[in-house]
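Residue-level structure breakdown
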Amino acid sequence: MPLLTADKIHNGHSWLPSGSVIEVSDGGVILSITNGPNENAAFYEGVLAPGFVNTHCHLELSHMKGVVPQHTQLIPFLKNVVGRRNDFTEEQKKEARINGYNELVNNGVVAVGDIANTTDALDLRSLDKMHFYTFIESLGFSEQNAGVAFAYAVKTYETYAGQQPKQKRLKQAIVPHAPYSVSSSLFRLIDAHRNDVVISIHNQESKEEDRYYTTKEGDVGDLLVMLGIDDGFFNPTGRSSIQSYLEWMRPQHPFIFVHNTYTSQYDVQYAHSRLSDVFWCLCPNANLYIENALPDINMFIAEGANICIGTDSLASNTQLCILSELYSIKEHNPEIDWATLLKWGTLNGARALQMQDVVGSIEVGKTPGILQLTDLDRKGVEPSVRRII
Ligand SMILES: [Zn+2]
């Protein structure tokens, strides 16, 4: 059985004692972790860490790479994506999403929270190299069409739920796209669909979202006009989006709030007081791509938030790499140490996707995958990742 050691080993929680040795079965199961030294152990330079978990991706949008320019702000970005996502052949889309999938695998991702508007990603799940939590996104801001929008999501959900898992775990849930694209009726239908699923939602990715909820002014109205939606029924709540829509959902669901670029300290406290299982997914490179802004990460840390990491899609990112996301956070917040960042990219993602029993940490009995990370602290050099198990 392979024995592995390295300059440093992060087990998903924190650093292991210097010289620790990991024993792994041929099938990748962690058999033991012992204090070294052991002269039979293969030595790796740099850091060994468990496989990454990408909590928020849209593999079905991989063909949109480079299509939308950077720094447009969110609403113009969405108009571009909606307008252009179907300008491609099925072959072009398939080739791009398989390339995106392989990029994730090669960059050390072992489990993904993947957003789906279509059944396109069925073929990726059958490749069986990653665990999938597929979030089938329902959209529909018009109150009277909530039933139609939801019925489409249910059909998509059932197609995914009917797929037989092989080695890797396959999960799925119907989730709301975003506060400005889902009516209160549709929120309630999604909420009632199942008790036992994780709800993931794009949250406060743009300032315009809270502006619309508090005063019904700003760019969100323009987006709805472009989508042919009459928002005459919508009454502003006078509160932020998250404080409004959480009233339309039961607090028992586990939640993953994604982006949170403009989430306030009070919003975080509000969510923590109302919900028992909350993860805040940061997608820094996508935030920089679209809005050229980042969430107040130190505020989330001060509030004791569970932070996990996503890449978002290739429509809003130049690559699908969790290490690159962590490196961006480190560049902007050098005071956050790598022990914390690696926990966000591994164990916390696994907990958010409820897969911590198999991946996310180097612990006996799990099959987390093992990565070699180099150049974590070399000034001016982007670190690199290599999958070794
Ligand atoms: Zn997204």
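Let's talk about the packing of aromatic side chains
Considering all chains together, one arrives at 12 aromatic pairs under this definition. Here the aromatic rings of Phe-141 and Phe-233 are separated by 5.6 Å at their centres, their planes lie at 40 degrees, and the arrangement is tilted. Here Phe-141 is found in the loop between strand 7 (131-138) and helix 4 (146-161), whereas its partner Phe-233 is found in the loop between helix 7 (219-226) and helix 8 (241-245), with 92 residues between them in sequence. Ring pairing ties together the aromatic residues Phe-141, Tyr-212, Tyr-213, Phe-233 and Phe-234, which thus form one cluster.

Considering the side chain of Thr-311
Among the secondary structure elements, Thr-311 is positioned in the loop between strand 12 (307-309) and helix 12 (322-332). Excluding its chain neighbours within four sequence positions, the residues that come into contact with Thr-311 are Asn-54, His-56, Cys-57, Ala-286, Asn-317, Leu-320, Cys-321, Ile-322 and Glu-325.

Considerations on the nonpolar core
Core analysis: the largest hydrophobic core is formed by 111 residues, its most contacted members being Phe-52, Phe-135, Leu-246, Ile-256, Phe-257, Trp-280 and Leu-373. Considering each element in turn, this core owes the most residues, seven residues, to helix 4. The residues that make up this core include at least three from each of domain 1 (1-50 + 360-389) and domain 2 (52-359). The next biggest cluster of nonpolar side chains, apart from the first, holds 11 residues, and it includes Leu-4, Leu-16, Leu-48 and Ile-362.

Focus on the domain arrangement of the protein chain
Taken domain by domain, the protein chain comprises domain 1 (1-50 + 360-389) and domain 2 (52-359). If you average the C-alpha positions of domain 1 and of domain 2, the two centres end up 30 Å apart. Across the boundary between the two partners, domain 1 contributes 23 residues, which contact 21 residues of domain 2. Summed over both partners, the interface of domain 1 with domain 2 buries about 1900 Å², with 62% contributed by carbon and sulfur atoms. Joining domain 1 to domain 2, the criterion identifies zero salt bridges. Inspection of the domain 1/domain 2 interface yields seven residue pairs in polar contact (both at pLDDT 80 or more). Those elements giving two or more residues to the side of domain 1 that touches domain 2 turn out to be strand 4 (42-50), strand 13 (370-374) and strand 14 (384-387). Considering each element in turn, the side of domain 1 that touches domain 2 owes the most residues, three residues, to strand 14.

What about the coordination of the zinc ion?
Taken together, the protein ligands of the zinc ion are His-56 (NE2), His-58 (NE2), His-202 (NE2) and Asp-312 (OD), with distances of 2.1 to 2.4 Å. For the zinc ion, the four donor atoms are set out with angles of 83 to 167 degrees between them, so the coordination reads as irregular. For the zinc ion, the donor residues sit on a single chain with the sequence spacing H-x1-H-x143-H-x109-D. In this pair, His-202 sits in strand 9 (residues 199-203) while Asp-312 sits in the loop between strand 12 and helix 12, placing the two residues 110 residues apart along the sequence. The pair His-202 / Asp-312 is uniform in exposure class, with both members buried.

Concerning the sheet that holds strand 6 (residues 109-116)
Within a sheet, adjacent strands bond to each other through the backbone by hydrogen bonds, running parallel or antiparallel. Pairing is parallel across the open sheet formed by four strands, whose spatial order is 5-6-7-8. In this open sheet, the two strands that pair with only one neighbour each are strand 5 (52-57) and strand 8 (170-176). On average, each strand axis in the sheet is inclined to that of its neighbour by 15 degrees, with strand direction left out of account. Looking at chain direction, strand 6 and strand 7 are connected through six bridges and run parallel. Across the sheet, the residue bridging to Ala-111 is His-131, located in strand 7. Where helix 5 (residues 184-193) meets the sheet, it contacts strand 7 and strand 8, and its direction lies at approximately 155 degrees from that of strand 8.

Notes on the side chain of Asp-191
For Asp-191, the position within the fold is in helix 5. On the basis of relative accessible area, Asp-191 is assigned to the buried category, the value being 8%. Contacts of Asp-191, omitting those with residues within four sequence positions, involve Trp-248, Met-249, Arg-250 and His-253.

The rules behind each value
Residues numbered from 1 in each chain as written. Predicted model: local features only at pLDDT ≥ 70, side-chain atom pairs only at ≥ 80, totals over all residues. Heavy atoms only, no water. Phe/Tyr/Trp six-rings, centres within 6.5 Å; stacked < 30°, edge-to-face > 60°. Helix = DSSP H or I, 4+ residues; strand = E, 2+ residues; numbered from the N terminus. Contact = heavy atoms within 4.5 Å. Core = buried A, V, L, I, M, F, W, Y, C linked by side-chain atoms within 4.5 Å. Buried < 20%, exposed > 50% of the residue type's maximum accessible area, 1.4 Å probe, protein only. Domains from an automatic or database assignment. Buried area = accessible area lost by both parts, 1.4 Å probe. Salt bridge = Lys/Arg side-chain N within 4 Å of Asp/Glu carboxyl O. Polar contact = N/O pair within 3.5 Å; in protein donor to acceptor, adjacent residues only side chain to side chain. Donors = N, O, S within 2.8 Å, 3.2 Å for Na, K, Ca; no water. Tetrahedral: all angles 85-135°; square planar, octahedral: opposite > 155°, others 65-115°. Pairing = 2+ DSSP bridges. Axes fitted to C-alpha atoms, helices over the stretch in contact; angles between N-to-C directions.

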